[in-house]
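These are the residues of each chain, in order.
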Amino acid sequence: MTEKEVLIFGASSGLGKEITKIFLKNGYKVIGLASTKKKSKKLFKEINSKSFTSDYCDLKKKTDINKIKKTLKRRIKNIELLIFSASTLTVSKFSNIPDVTFNDDLKINSLSFINIFKFFIKLKKNKNINSIVILSNLSIIGVKNFSSYSISKSILQSFCESVME
C-alpha cells in the first residue's frame, strides 16, 4: 500500500512548517515546498524524516510552477491533499508599491496557486479534490499599508469560495 502524500506550499516557515510536522506525525508522506533551493535544503536537514521530501518553487517563476506540475503529474495517484500556506507581505502605501512588486505579490499569494490547483483538478478528473488554503483576516478587512497582501489574499479567498462544494 502506498503512503498518502501531502504537497505543502510554504513549508519552510510559520504555519506551513508546523503543518508539515503535524502531517508527518500522523503518518503522511510530505513534499514540502520552499521558495528557494537554499530554504529547501535547510528545511530538509531540519525535518530529517524518511517520509519527507523537500523541493523549491518560486511562485513568481513559470519554470518552477511547471516543475511542480510535473511532480503532481508523476505522483498524482499518491497525492491526496494540497496545502497552500505560502505568502509574501509588502507593507507600504499602495501608491508606493512598484508594479513588479505588486505583480509578484499577486503571483505568490494567489494566482500561482490557483493555476496549480486548476491543473490538479484536471489531473484528478474532479475526484477526491482536497485542499487547505491558509488565509488571514487581512483577506477580508483592509488594513492601512497592507493593500497588496489584502488584495492578493482576497482574490484567493473568493476563488476558494467559488470552487467549494
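The rules behind these values
Residues numbered from 1 in each chain as written. Predicted model: local features only at pLDDT ≥ 70, side-chain atom pairs only at ≥ 80, totals over all residues. Heavy atoms only, no water. Core = buried A, V, L, I, M, F, W, Y, C linked by side-chain atoms within 4.5 Å. Buried < 20%, exposed > 50% of the residue type's maximum accessible area, 1.4 Å probe, protein only. Helix = DSSP H or I, 4+ residues; strand = E, 2+ residues; numbered from the N terminus. Phe/Tyr/Trp six-rings, centres within 6.5 Å; stacked < 30°, edge-to-face > 60°. Salt bridge = Lys/Arg side-chain N within 4 Å of Asp/Glu carboxyl O. Expected span 1.5 Å × (residues − 1). Arc of directions from axis to C-beta. Contact = heavy atoms within 4.5 Å.

Points about the nonpolar core
- Core analysis: the biggest nonpolar cluster contains 24 residues, and Leu7, Phe9, Leu59, Leu82, Phe84, Phe113 and Leu156 have the highest contact counts within it.
- Every element with two or more residues in this core is listed here: strand 1 (5-9), strand 2 (29-34), helix 3 (62-75), strand 4 (79-84), helix 4 (99-124) and helix 5 (147-163).
- Within the second largest apolar cluster, 13 residues are counted, among which are Ile8, Ile19, Phe52 and Ile83.

Re the packing of aromatic side chains
- Tallying each qualifying case throughout the model produces eight aromatic pairs.
- Where Phe9 meets Phe84, the ring centres are 5.8 Å apart and the plane angle is 55 degrees; that geometry is what we call tilted. Here Phe9, found in strand 1, pairs with Phe84, found in strand 4; they are 75 residues apart in sequence, far enough to count as distant. When sorted by exposure, Phe9 lands in the same class as Phe84, which is buried.
- Taking the centre distance of 6.4 Å and the plane angle of 25 degrees together, the rings of Phe44 and Phe52 count as stacked.
- Phe44 sits in the partly exposed class, given a relative accessible area of 42%.
- Classification of Phe52 as buried rests on a relative accessible area of 3%.
- Among the aromatic residues, those joined into a ring-pair cluster are Phe9, Phe84, Phe113, Phe117 and Phe159.

Here's the deal with the pattern of salt bridges
- On inspection of all chains with the given rule, the structure shows six salt bridges.
- We note a salt bridge from Glu46 to Lys17, for which the minimum N-O separation is 2.9 Å. Here Glu46 is found in helix 2 (residues 37-47), whereas its partner Lys17 is found in helix 1 (residues 14-25), with 29 residues between them in sequence.
- The exposure class of Glu46 is partly exposed, given its relative accessible area of 40%.
- Among the residues examined, Lys17 registers a relative accessible area of 14% and is labelled buried.
- Between Lys21 and Glu18 there is a salt bridge, with the nearest N and O atoms lying 3.6 Å from each other. Taken as a pair, Lys21 and Glu18 lie in helix 1 at a separation of three residues, close to a single helical turn.
- A relative accessible area of 31% places Lys21 in the partly exposed class.
- Through salt bridges with shared partners, a single network forms among Glu5, Lys29 and Arg75.

Brief notes about helix 3
- With 14 residues, helix 3 should cover 20 Å at 1.5 Å per step; its first-to-last C-alpha distance of 20 Å lies within 8% of that length.
- Residues Asp64, Ile65, Ile68, Lys69, Thr71, Leu72 and Arg75 constitute the buried set of helix 3. The buried residues of helix 3 occupy an angular sector of 155 degrees when the element is viewed end-on, so they sit on one face. Away from its buried face, by an angle of more than 90 degrees, helix 3 presents the exposed residues Lys62, Thr63, Lys70, Lys73 and Arg74.
- Where the residues of helix 3 are buried, they touch strand 1, strand 2, strand 3 (52-56), strand 4 and helix 4.

What to know about the side chain of Ser40
- Looking at the element boundaries, Ser40 is found in helix 2.
- Beyond its immediate sequence surroundings of up to four residues, Ser40 is in contact with Ala34, Ser54, Asp55 and Tyr56.

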